[in-house]
Amino acid sequence: MIEQKEITLPRLNRGYHLITSLIEDNLNELPEKGLLHILVKHTSAGITINENADPTVRTDFENFINKMIPEDDPGYIHTYEGSDDMPGHLKASIIGTEITIPITNHRLNLGTWQGIYFCEFRNHGESRNIVVTIIS
């Protein structure tokens, strides 16, 4: 069986946002076994799984990736939407725009310290859409 739903996230500031509860709150009862696939439908936002307890990890993610992919690089040609535009695309490709999580005993089978991060790479992000697909 396959279920699919599109969720509109609220407008989020630039950064890494823990959205595990938001995802779970928007899902129907999960099957005993299966997979949850999540796709971010944007080219300058991403999704990943990482530390869910200490918020400084999300700050460190932001600081690290901004050093790795800086804004205002004179080598960027695609700058029509601002200095954060091309870096946002690069960050989305590096972090990724989709994840898959196992479902076991009607729950997301994440590790104790794992949570789902929505990664907003634009300075002035809009509301964003994600597609969640449950395969059981």
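Preceding block: the structure.
Residues take numbers from 1 onward in each chain, read along the sequence in its written order. Only residues with pLDDT of 70 or above have their local features reported here, since the model is predicted, and side-chain atom pairs are shown and tallied only from 80 upward, although totals for entire chains, interfaces and linings are computed over all residues. To get the side-chain values, all heavy atoms of the structure are used, and hydrogens and water are removed first.

**Q** Let's hear about the nonpolar core: which residues, and what values?
**A** In this structure, I23, L36, I38, I116, I130 and V132 are the most contacted members of the largest nonpolar core, which totals 21 residues. Where this core is concerned, the elements lending two or more residues are β1 (2-9), β3 (33-40), β4 (45-51), β5 (98-104), β7 (114-120) and β8 (128-135). Working definition of a nonpolar core: buried Ala, Val, Leu, Ile, Met, Phe, Trp, Tyr and Cys residues. They are joined through side-chain atoms within 4.5 Å. When accessible area is computed with a 1.4 Å probe and restricted to protein chains, residues below 20% of their type maximum are described as buried, those above 50% as exposed, and intermediate ones as partly exposed. Grouped together as the second largest cluster of nonpolar side chains are eight residues, I69, Y76, Y117 and C119 included. Numbering goes from the N terminus for both helices and strands, where a helix is a DSSP run of H or I of at least four residues and a strand is a run of E of at least two.

**Q** Tell me what's going on with a nonpolar patch on the surface, and back it up with residues and numbers.
**A** Patch criteria: residues need more than 30% relative accessible area and no salt bridge. Like-charged residues are merged within 9 Å; nonpolar side chains of Val, Leu, Ile, Met, Phe, Trp and Tyr are merged within 5 Å. Surface exposure here means Shrake-Rupley accessible area, sampled with a 1.4 Å probe, where a residue is shielded only by the protein chains that are shown. What makes a salt bridge here is a side-chain nitrogen of Lys or Arg within 4 Å of a carboxyl oxygen of Asp or Glu, nothing more. On the surface, I2, L35 and I135 cluster together to form a nonpolar patch covering roughly 270 Å² of accessible area. As for its placement among the helices and strands, I135 is situated in strand β8. The class for I135 is partly exposed, based on a relative accessible area of 38%.

**Q** Pulling in residues and values, what's your account of the packing of aromatic side chains?
**A** Under the pairing criterion, centres of Phe, Tyr and Trp rings, with the six-membered ring standing for Trp, must be within 6.5 Å; the plane angle then separates stacked pairs below 30 degrees from edge-to-face pairs above 60, leaving the rest tilted. Scanning the model with the defined rule gives four aromatic pairs in all. Pairing Y16 with F61 gives two aromatic rings, centres 5.3 Å apart and planes at 50 degrees, and the pair type is tilted. With Y16 in strand β2 (residues 15-18) and F61 in helix α2 (residues 56-68), the pair connects residues that are 45 residues apart, well separated along the chain. For the ring pair Y16 and F121, a centre distance of 6.1 Å and an interplane angle of 75 degrees mean the geometry is edge-to-face. One end of the pair, Y16, is in strand β2; the other, F121, is in the loop between β7 and β8, and 105 residues separate them in sequence.

**Q** Tell me about the sheet that holds β7, residues and numbers included.
**A** By the convention used here, strands pair only if DSSP detects at least 2 bridges between them. Across the sheet, three strands lie side by side as β2-β7-β4; this open sheet has antiparallel pairing. Sheet topology places β2 and β4 at the edges, where each strand pairs with a single neighbour. Between one strand and the next, the sheet's axes are offset by a mean angle of 35 degrees, whatever the strand orientation. Contact criterion: two residues are considered in contact whenever any of their non-hydrogen atoms come within 4.5 Å of each other. For helices, the fitted line uses only the C-alpha atoms of the stretch in contact; every axis is such a line through C-alpha atoms, and the angle between N-to-C directions lies from 0 to 180 degrees. Sheet contacts for α2: β2, β4 and β7; angle to β2, the most-contacted strand, approximately 150 degrees.

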